[in-house]
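Below, each chain spelled out in residue letters.
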Amino acid sequence: MTRTPRTLVVVGHGMTGHRLVEHLRAHDRQGIWRAVVLAEEPRPAYNRVALSSYLEGRSAADLTLADRAFLTDPLVELRTAAPVTGIDRRARTVTTADGTVTRYDALVLATGSRPFVPPVPGRDLPGCFVYRTFDDLDALRGAAREGLPGVVVGGGLLGLEAANALRLLGVRPHVVELAPRLMPVQLDDGGARVLTRLVTGLGLRVHCGTAVREIRPAADGRVGGVTLTDGTALDARLVVFSAGVRPRDELAGPAGLATGGRGGFLVDDLCRTEDPHIWAVGECAAVRERTYGLVAPGYRMAELVADRLLDRPTTPFADPDTAAKLKLLGVDVASFGDAHAETEGAVEYVLRDDTAGTYAKLVLDPEGRVLRGGVLAGDASAYRTLRALTGRELTAPPDLLLSSPGPGGPPPPRRAADAA
């Protein structure tokens, strides 16, 4: 007897929603589920982490995540340009903007997030952009001209990506960051100082500890300048907002689903809402009141939910690994573990070479034996070795570990306490 597959509806086809369906299909040997994916954008999921490479010559097709096997899978139905406008929990249906109603046995909300645009005067002027989709980058490329001054609002990961994009387009960018340093989530003061010095040498002008007070129009009605809260006036013909994101949870209220205190569909540590038929994953999910803006936690959530739907063994979602190694504007930066030494009694070991433009900090336990985390800037070659050691007793003194060539491993073991 042939079993009729149950229907899983996935709202959103970003990186996390795509991973969920891929994981489900890879392990659903008996064809228990049929997945209907409702994508808001007019194209399948793509690698948003590598979005900046689109301005470096890669095409939209190069970054797509949906291969031929996915697009032709008889148990996957992908509908693009089909934003969901409502959820009927009693009938277990979702409705899209064109009026189509789809019934579900299980519903996964993977709606992602939207860029946060601070409510400053002038934010709607022509010449203001966000940095999130292919359409955003196409619009930015169409407006950019060689030598134009521009301002990026936000000095985090995405803000620096946007600043680099402006450089690639010939724009002269300023970066404005409310926090006292660049990349405040990942880097400490020492690492951020090195990063700031290096990116300033590449032509960026950095303004930390201040914010945009207003965006001034030029005579043509487009962006003409930016005034900061410290009184600084900047010339600008382009403004890019990269000041963080907010969960896309607007379906929650009408559907009677709870949200977290800072937004996001409220879910338990299995990523399930109060409705046993509805889950949420990725940036739109508030797991025990906390949202995550990185792709790795989203992938963990996606695989967890897919495994739950298949009755596969799973473990609850715990605090994920938020370690990151990046090359921003050609500068290597990395952070891992307790990068800000927030653990009680933590000891910091710092190596700084101003001549070479490098900075390294290891966070150790009070005895100087166990690696808790760290920050690297200018040279992140030891990242792989150090990340593998996080939570374990050091196999060599900190200075030798920091000079380790990487995959080949550190020098012969010595207790870190002996060298402290």
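Quick note: structure is the one above.
Summarised in this report is the structure supplied together with it. (Residues numbered from 1 in each chain as written. Predicted model: local features only at pLDDT ≥ 70, side-chain atom pairs only at ≥ 80, totals over all residues. Heavy atoms only, no water.)

### Concerning the packing of helix α1 (residues 15-27) against helix α8 (residues 295-309)
When two helices pack together, their arrangement is given by the angle between the helix axes and the distance between those axes.
Step number 1: It is the contact of α1 with α8, at a shortest axis distance of 8 Å, that shows an interaxial angle of 35°. Regarding α1 and α8, the two cross each other, and that crossing is right-handed. On the side of α1, the interface is formed by Met15, Thr16, Arg19, Leu20, His23 and Leu24, while α8 contributes Val295, Gly298, Tyr299, Ala302, Glu303, Val305, Ala306, Asp307 and Leu309.
Step number 2: For the contact of α1 with α8, the per-class residue count stands at 9 nonpolar, 3 polar and 3 charged. (Axes fitted to C-alpha atoms, helices over the stretch in contact; angles between N-to-C directions. Helix = DSSP H or I, 4+ residues; strand = E, 2+ residues; numbered from the N terminus. Left-handed = near helix turned anticlockwise from the far one by under 90°. Contact = heavy atoms within 4.5 Å. Nonpolar A, V, L, I, M, F, W, Y, C, P; charged D, E, K, R; others polar.)

### Side note on the sheet that holds strand β4 (residues 84-88)
Step number 1: In space, the 3 strands of this open sheet follow the order β4-β5-β6, with antiparallel pairing throughout. Of all the strands in the sheet, the pair left with one neighbour each is β4 and β6 (101-103). Within this sheet the neighbouring strands show an average axis-to-axis angle of 20°, counted without direction.
Step number 2: Sheet analysis places strand β5 (residues 93-96) next to β6, joined by 3 bridges and oriented antiparallel. Pairing of Val94 across the sheet is with Thr102, part of β6. (Pairing = 2+ DSSP bridges.)

### A closer look at the pattern of salt bridges
Step number 1: A full pass over the atoms with the stated rule returns 21 salt bridges.
Step number 2: A salt bridge links Arg114 to Glu250, with the shortest nitrogen-to-oxygen separation between them at 3.3 Å. In this pair, Arg114 is assigned in strand β8 (residues 113-115) and Glu250 in the loop between β17 (245-247) and α7 (252-255), connecting sequence segments 136 residues apart.
Step number 3: You can call Arg114 partly exposed: its relative accessible area is 35%.
Step number 4: For Lys327, the salt bridge goes to Asp332, with nearest N and O atoms at 3.0 Å.
Step number 5: For Lys327, a relative accessible area of 52% translates into the label exposed.
Step number 6: One salt-bridge network, in which partners are shared between bridges, spans Glu40, Arg114, Arg248 and Glu250. (Salt bridge = Lys/Arg side-chain N within 4 Å of Asp/Glu carboxyl O. Buried < 20%, exposed > 50% of the residue type's maximum accessible area, 1.4 Å probe, protein only.)

### Some details on unusual backbone geometry
Step number 1: Unusually for a residue other than glycine, Ala81 sits at a positive phi of about 50°.
Step number 2: Of note, Ala81 is situated in the loop between β3 (76-79) and β4.
Step number 3: The backbone of Met183 shows a phi angle near 45°, a positive value even though the residue is not glycine.
Step number 4: On the basis of relative accessible area, Met183 is assigned to the buried category, the value being 1%.

### Examining the nonpolar core
Step number 1: By size, the foremost hydrophobic cluster in this structure holds 48 residues, and its most contacted members are Leu8, Leu20, Leu107 and Leu109.
Step number 2: Broken down by element, this core gets its largest block of residues, 6 residues, from α8.
Step number 3: Not counting chain neighbours up to four residues away, the residues in contact with Leu8 comprise Leu20, Leu24, Trp33, Arg34, Ala35, Val36, Ala106, Leu107, Val108 and Leu309.
Step number 4: In this structure, Ala50, Phe129, Leu169 and Val171 belong to the second largest nonpolar core, which totals 40 residues. (Core = buried A, V, L, I, M, F, W, Y, C linked by side-chain atoms within 4.5 Å.)

### Focus: the pairing of strand β16 (residues 238-241)
Step number 1: Here β16 shows two buried faces, one formed by Leu238 and Val240 and the other by Val239 and Phe241.
Step number 2: The pairing of strand β9 (residues 128-130) with β16 spans 3 bridges and is parallel. Of the residues in β16, the one forming a bridge with Phe129 is Val240.
Step number 3: Note that strand β10 (residues 149-153) and β16 share 4 bridges and pair parallel. Of the residues in β16, the one forming a bridge with Val151 is Val239.

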